[in-house]
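Examining the three-dimensional arrangement
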Amino acid sequence: MTNETWFLLADEKRASLVVPSTYGPYYEIEDWRRQADPQEFAAQVAGRLTSLQNHFDQLVVAAPPAMLERLQRAYPEELRSKIGAQHARYLTHLSPRELRQELSCL
């Protein structure tokens, strides 16, 4: 275990996975753009998170309510235990500076 918290920021069109950095506050390691219907997009994101779950201890999710619901339906059981918090918020449009401020509050 890494004792790290990772962040999933999602909306209806894109999702990104943001992690703590040793050289700065955070950096983005994954970025997805929706290619299919919204539920398939949520399933794709959940599948990728599942494949990465051994690299983080906790996942904090920020997404609009409808996307949070889709993601919750898509999470497999083993990933659900790692969801530390969920916030019904749009954060995908923020600048890096604004995002650092917001992530420090989550």
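Residues numbered from 1 in each chain as written. Predicted model: local features only at pLDDT ≥ 70, side-chain atom pairs only at ≥ 80, totals over all residues. Heavy atoms only, no water.

**Side note on the nonpolar core**
- One finds Leu8, Val45, Leu49, Leu59, Val61, Leu71 and Tyr75 to be the most contacted residues of the largest nonpolar core, which totals 24 residues.
- Secondary structure elements with two or more residues in this core: strand 1 (5-10), strand 2 (14-20), helix 1 (38-52), strand 4 (58-63) and helix 2 (65-74).
- Here the element with the most residues in this core is helix 1; it accounts for six residues.
- Leaving out residues up to four positions away in the same chain, Leu59 has contacts with Trp6, Phe7, Leu8, Leu17, Leu49, Lys82, Ile83, Gly84 and Ala85. (Core = buried A, V, L, I, M, F, W, Y, C linked by side-chain atoms within 4.5 Å. Buried < 20%, exposed > 50% of the residue type's maximum accessible area, 1.4 Å probe, protein only. Helix = DSSP H or I, 4+ residues; strand = E, 2+ residues; numbered from the N terminus. Contact = heavy atoms within 4.5 Å.)

**Brief notes about helix 1**
- The terminal C-alpha atoms of helix 1 lie 21 Å apart, and with 15 residues this matches the ideal 21 Å at 1.5 Å per residue to within 8%.
- Phe41, Ala42, Val45, Ala46, Leu49, Thr50 and Leu52 are the residues of helix 1 that are buried.
- Residues of helix 1 that are buried make contact with strand 1, strand 2, strand 3 (26-33), strand 4, helix 2 and helix 3 (77-80).
- Two to three positions downstream of the cap, the backbone nitrogen of Gln39 sits 2.9 Å from a side-chain oxygen, assigning the N-cap of helix 1 to Asp37. (Expected span 1.5 Å × (residues − 1). Polar contact = N/O pair within 3.5 Å; in protein donor to acceptor, adjacent residues only side chain to side chain.)

**Some points on the environment of Pro76**
- Tracing the backbone shows Pro76 in the loop between helix 2 and helix 3.
- Counting along the chain gives 30 residues from Pro76 to Ala46, while the straight-line C-alpha distance between them is 7.6 Å.

**Observations regarding the sheet that holds strand 5 (residues 83-88)**
- Judged by pairing direction, the sheet is mixed, and its five strands sit side by side in the order 3-2-1-4-5 without closing on themselves. Each edge of the open sheet is held by one strand with a lone partner, namely strand 3 and strand 5. Strand-to-strand twist of the sheet, defined as the mean angle between neighbouring strand axes without regard to direction, takes the value 15°.
- Seen against the sheet, helix 1 touches strand 1, strand 2, strand 3 and strand 4 and runs at an angle of roughly 140° to strand 3. (Pairing = 2+ DSSP bridges. Axes fitted to C-alpha atoms, helices over the stretch in contact; angles between N-to-C directions.)

**Brief notes about the side chain of Glu30**
- Along the polypeptide, Glu30 turns up in strand 3.
- A residue is classified by how much of its surface remains accessible, and Glu30, at 17% relative accessible area, is buried.
- In this structure the side chain of Glu30 is engaged in a polar contact, spanning 2.7 Å, whose partner is the side chain of Arg48.
- If near-sequence neighbours (up to four positions away) are discounted, Glu30 is found in contact with Ala15, Ser16, Leu17, Arg48 and Leu52.

**Observations concerning the pattern of salt bridges**
- Evaluation of the coordinates by the stated rule reveals seven salt bridges.
- The salt bridge involving Arg48 is made with Glu30; its shortest N-O contact spans 2.7 Å. Of the two residues, Arg48 is situated in helix 1 and Glu30 in strand 3; the sequence distance between them amounts to 18 residues.
- Overall, the relative accessible area of 31% leaves Arg48 in the partly exposed class.
- A salt bridge links Arg33 to Asp31; the shortest N-O distance between them is 3.5 Å.
- One continuous salt-bridge network, built from bridges that share partners, spans Arg14, Glu28, Asp31 and Arg33. (Salt bridge = Lys/Arg side-chain N within 4 Å of Asp/Glu carboxyl O.)

**Observations regarding the packing of aromatic side chains**
- One pass over the structure, following the stated rule, counts two aromatic pairs.
- Between Trp6 and Phe56, the aromatic rings sit 5.1 Å apart at their centres with planes inclined by 35°, giving tilted as the arrangement. Residue Trp6 is located in strand 1, and its partner Phe56 is located in the loop between helix 1 and strand 4; the two are separated by 50 residues in the primary sequence.
- For Phe56, a relative accessible area of 0% translates into the label buried.
- Their ring planes at 90° and their centres at 5.6 Å tell us that Phe7 and Tyr26 sit as a pair that is edge-to-face. Here Phe7, found in strand 1, pairs with Tyr26, found in strand 3; they are 19 residues apart in sequence, far enough to count as distant. (Phe/Tyr/Trp six-rings, centres within 6.5 Å; stacked < 30°, edge-to-face > 60°.)

All quantities given are derived from atomic positions and should not be read as evidence of function.
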